[in-house]
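Remarks on the overall topology
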Amino acid sequence: FRTVEPLEYYRRFLKENCRPDGRELGEFRATTVNIGNTGSITTADGSALVKLGNTTVICGVKAELAAPAADSANKGYIVPNVELPSLCSERFRSGPPGEEAQAASQFIADVIENSQMIVKEDLCIANGKLAWVLYCDIICLDYDGNLLDASVFALLSALKNVQLPSVIINEETGLSEVNLKQKTPLIIRKHPVATSFAVFDDTLLIVDPTAEEEDLATGTVTIVTDEEGRLCSVHKPGGSPLTGAKLQDCITRAITRHKEVKKLIDKVIKSIMPK
């Protein structure tokens, strides 16, 4: 029945206010995060691995030096890139990034910009001469729905783990000198967290949808909030429209979810701090 009539199969569960995987409609899958020293990626300047149920995403941040752009001499760069390799799901092919990966990369870039989690001026070392470029590679290792929540979570966790070496420009030679012994954490000004919902039959909202739920849903919506409960972005790629009341409900739930995720990150960061 599940294979022949997946939607009908689903509706039977939804009528009982539960889902085939045993979760309630408003329940998130088990969420775990490993940050930095716990062996995510040793070559990166900051890294994190996030699991939302089966969905597994890893983020590595690589910091490089570059000259600032002429029109923004006092700003560095942040370059996010989401990869969906064929190994993470049969739905993705090898080769150049597909539509979903491009849309996810754009979404992440918007979240960074709108939330002001990192202010690009903070990445400037010497006005007009030198700035940091942060390459944020987000790679999905196992895809089971809700890529955006996992990606934002992994990005934030990896950035929290970045330590940048001190850099000065030698007045006489004009060359930059990097001191790897002196490192300072990246300044994270806001902590955006994404919360995604799938809309069923235009009215029912379920949180943290699996890949199967996303396929059966009439629409999805992702709400990004920061620690002050401010709305950083609402991402709704088509699908069934939401009433104001439903949207407000999503925002309220997103604010609650933010607290849980922030608590989780803080706990892990605290556990890896040098004693």
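Look a little higher up for the structure.
This section reports on the structure supplied with the text.

Rules used in this analysis
- Numbers given to residues run from 1 along each chain, matching the order in which its sequence is written.
- Restriction of local features to residues with pLDDT of at least 70 applies here, the model being predicted, together with a cutoff of 80 or more for giving and counting side-chain atom pairs; totals for whole chains, interfaces and linings are based on all residues.
- The basis for the side-chain values is all heavy atoms of the structure; hydrogens and waters are excluded.
- Cavity: a set of points on a 1 Å grid over the protein atoms alone where a 1.4 Å probe fits but cannot get out. Pocket: an open set with protein on both sides within 12 Å along at least five of seven lines, its lining residues, like those of a cavity, having an atom within 4 Å of a point.
- Grid points are joined across faces, edges and corners, and a volume is the space filled by probe spheres set on the points.
- Runs of H or I in DSSP of at least four residues are treated as helices and runs of E of at least two as strands, each being numbered from the N terminus.
- For this scheme, ten residues count as nonpolar: Ala, Val, Leu, Ile, Met, Phe, Trp, Tyr, Cys and Pro. Four count as charged, namely Asp, Glu, Lys and Arg, and the remainder, Gly too, count as polar.
- Among buried residues, those of type Ala, Val, Leu, Ile, Met, Phe, Trp, Tyr and Cys that are joined through side-chain atoms within 4.5 Å constitute a nonpolar core.
- The buried label goes to any residue with under 20% of its type's maximum accessible area, the exposed label to any with over 50%, and the partly exposed label to all in between, with areas taken from a 1.4 Å probe on protein chains only.
- By definition in these notes, contact holds between two residues if any of their heavy atoms fall within 4.5 Å.
- DSSP bridges decide pairing: two strands pair if at least two such bridges lie between them.
- The length a helix should cover is 1.5 Å for every residue beyond the first.

Concerning the layout of surface pockets
Computed from the structure, the largest pocket encloses a volume of approximately 440 Å³. When contributions to the lining of the largest pocket are tallied by element, the ones reaching two or more residues are α2 (99–115), α3 (147–159), β9 (193–200), α4 (211–216) and β11 (219–225). Along the lines of polarity and charge, the residues of the lining of the largest pocket split into nine nonpolar, five polar and four charged.

Looking at the nonpolar core
In this structure, I118, L134, L155, L159 and L186 are the most contacted members of the largest nonpolar core, which totals 56 residues. The residues contacting L186, other than those within four sequence positions of it, are I118, L123, L134, L159, V162 and L164. Counting residues in hydrophobic clusters, the runner-up holds ten residues, among them L205, V207, I223 and I251.

Some words on the pairing of strand β2 (residues 46–52)
Summarising burial for β2: five of the seven residues are buried, a large majority. In this sheet, β2 lies alongside strand β1 (residues 31–35) in antiparallel orientation, the contact comprising five bridges. If you follow T32 over to β2, its bridge partner there is K51. Between β2 and the antiparallel strand that follows it, strand β3 (residues 55–66), lie two residues; G53 among them carries a positive phi value of about 60°.

Some words on α3
Along an α-helix, residues three or four apart share an orientation, since each turn contains 3.6 residues. Under the 1.5 Å per step criterion, the end-to-end length of α3 is 18 Å for 13 residues, consistent within 8% with the ideal 18 Å. Counted residue by residue, α3 has 13 buried out of 13 residues, so it is predominantly covered.

Digging into helix α5 (residues 244–272)
Given a rise of 1.5 Å per residue, 29 residues ought to cover 42 Å, and the 42 Å separating the end C-alpha atoms of α5 matches this to within 8%. For α5, the full list of buried residues reads C250, I251, A254, R257, H258, V261, K262, I265, V268, I269 and I272.

Describing the environment of C59
As for its placement among the helices and strands, C59 is situated in strand β3. In sequence terms C59 and L156 are 97 residues apart; their C-alpha atoms lie 9.1 Å from each other.

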